[in-house]
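Chains, contacts and geometry: an overview
Here's the letter readout for the chains.
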Amino acid sequence: MAISLQKGQRVDLTKGNTGLSRVLVGLGWDPVETRGGGLFGSLFGGGGGQNVDCDASVLMLDENDKVRTTNQVIYFGNLKSECGSIVHTGDNLTGDGDGDDEQLYVELNKVPSNIQKLVFVVNIYDVVKRKQHFGMIKNAFIRVVNPANNDTLLRYNLSEDYSGKLSLIVGEMYRQGSEWKFAATGNGTEDTGIRELVKRYSA
């Protein structure tokens, strides 16, 4: 049975899941439905009713919480880490439909020893030009699945109001000794894209 997390909670991922070496990280969201322009459209500068193109990415951080090279940023423009431990399955342009909108596979045993933390983030593509923000998204979540049996190990639903926020730092997977843990982060930021998010963790 999946563990349901609240913001700020941390749980063991590999401890208690003997032999777990590969996980699927699924992220999902739905656009808020609007009826025409009206007040909602005017409030958000005409953004209502458009597709909100969210992009999920993962940042590979060292022991100082820093990204050292561009190869340690896995996103729609770089779908596989240089070490082969992380693979992004591709971009979803709308967020429509049930289930995961974007997925990443992580081979925990292949993550280089100098990488201590994986930070999962979501941003809105071309957010300034589109005049969009995460108040136009609902039902956002992250879940971690054991692909060997398709069991969902944990799930974190982001239930806060993220109006005005342009990016989300969703969750973190990090080492503790020989084990991996997961932290539900759920922080909204005003970073306008993946480059700005990376700057938060640049050396």
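Look above for the structure.
An account of the accompanying structure is given in this report. Remember, it's a predicted structure, so these values are computed and weren't measured experimentally.

A few points about the overall build of the protein chain
For the protein chain, the count of helices and strands is three helices and twelve strands. Evaluated residue by residue, the protein chain yields a buried proportion of 48% over its 203 residues. When contacts within the protein chain are restricted to residue pairs at least 6 apart in sequence, those whose partners lie at least 24 apart make up 71%. With an accessible surface of roughly 10000 Å², the protein chain has 44% of that area assigned to carbon and sulfur atoms.

Quick notes on the side chain of Ser-85
For Ser-85, the location among the structural elements is in the loop between β5 (73-74) and β6 (86-88). When residues no more than four places from it in sequence are discounted, the contact partners of Ser-85 are Met-60, Tyr-105, Val-106, Glu-107, Lys-110, Val-111 and Pro-112.

Overview of the sheet that holds β6
Strand order in the open sheet formed by six strands is β1-β10-β9-β3-β7-β6, with mixed pairing between adjacent strands. Single-partner strands in this sheet number two, and they are β1 (3-5) and β6. Between one strand axis and the next, the sheet turns by 15° as a mean value, whatever way the strands run. As judged from the three bridges shared by β6 and strand β7 (residues 102-107), these two strands associate in the antiparallel manner. Within β7, the position partnered with Ile-86 by the bridge is Val-106.

Considering the pairing of strand β4 (residues 54-61)
Of all eight residues in β4, eight are buried, a share of seventy percent or more. Burial along β4 is two-sided: Cys-54, Ala-56, Val-58 and Met-60 and Asp-55, Ser-57, Leu-59 and Leu-61, pointing in opposite directions, are all buried. Pairing between β4 and strand β8 (residues 117-124): eight bridges, direction antiparallel. Looking across to β8, one finds that Val-58 is bridged to Phe-120. Here two bridges tie β4 to β5, and the two strands are oriented antiparallel to one another. What sits directly across from Leu-59, in β5, is Val-73.

So, the environment of Trp-29
Note on placement: Trp-29 falls in strand β3 (residues 22-31). Assessed through its relative accessible area of 3%, Trp-29 is described here as buried. Placed 25 residues apart in sequence, Trp-29 and Cys-54 show a C-alpha to C-alpha distance of 8.4 Å.

Some remarks on the pattern of salt bridges
Note on pairing: side chains with opposite charge can pair once their charged atoms come close. Within this structure, the stated rule accounts for nine salt bridges. In this structure, the salt-bridge partner of Arg-143 is Asp-100, at a minimum N-O distance of 2.8 Å. With Arg-143 in strand β9 (residues 137-146) and Asp-100 in the loop between β6 and β7, the pair connects residues that are 43 residues apart, well separated along the chain. The two residues Arg-143 and Asp-100 agree in class, both being buried. Glu-172 is the partner of Lys-117 in a salt bridge, and the nearest nitrogen-oxygen pair spans 3.6 Å. Here Lys-117, found in strand β8, pairs with Glu-172, found in strand β11 (residues 167-176); they are 55 residues apart in sequence, far enough to count as distant. Taking relative accessible area as the criterion, Lys-117 reaches 16% and is therefore assigned buried. On the basis of relative accessibility, which here comes to 14%, the residue Glu-172 falls in the buried class.

Definitions and limits used
- Residues numbered from 1 in each chain as written.
- Predicted model: local features only at pLDDT ≥ 70, side-chain atom pairs only at ≥ 80, totals over all residues.
- Heavy atoms only, no water.
- Helix = DSSP H or I, 4+ residues; strand = E, 2+ residues; numbered from the N terminus.
- Buried < 20%, exposed > 50% of the residue type's maximum accessible area, 1.4 Å probe, protein only.
- Contact = heavy atoms within 4.5 Å.
- Areas by Shrake-Rupley, 256 points an atom, 1.4 Å probe, with all protein chains shown as cover.
- Pairing = 2+ DSSP bridges.
- Axes fitted to C-alpha atoms, helices over the stretch in contact; angles between N-to-C directions.
- Salt bridge = Lys/Arg side-chain N within 4 Å of Asp/Glu carboxyl O.

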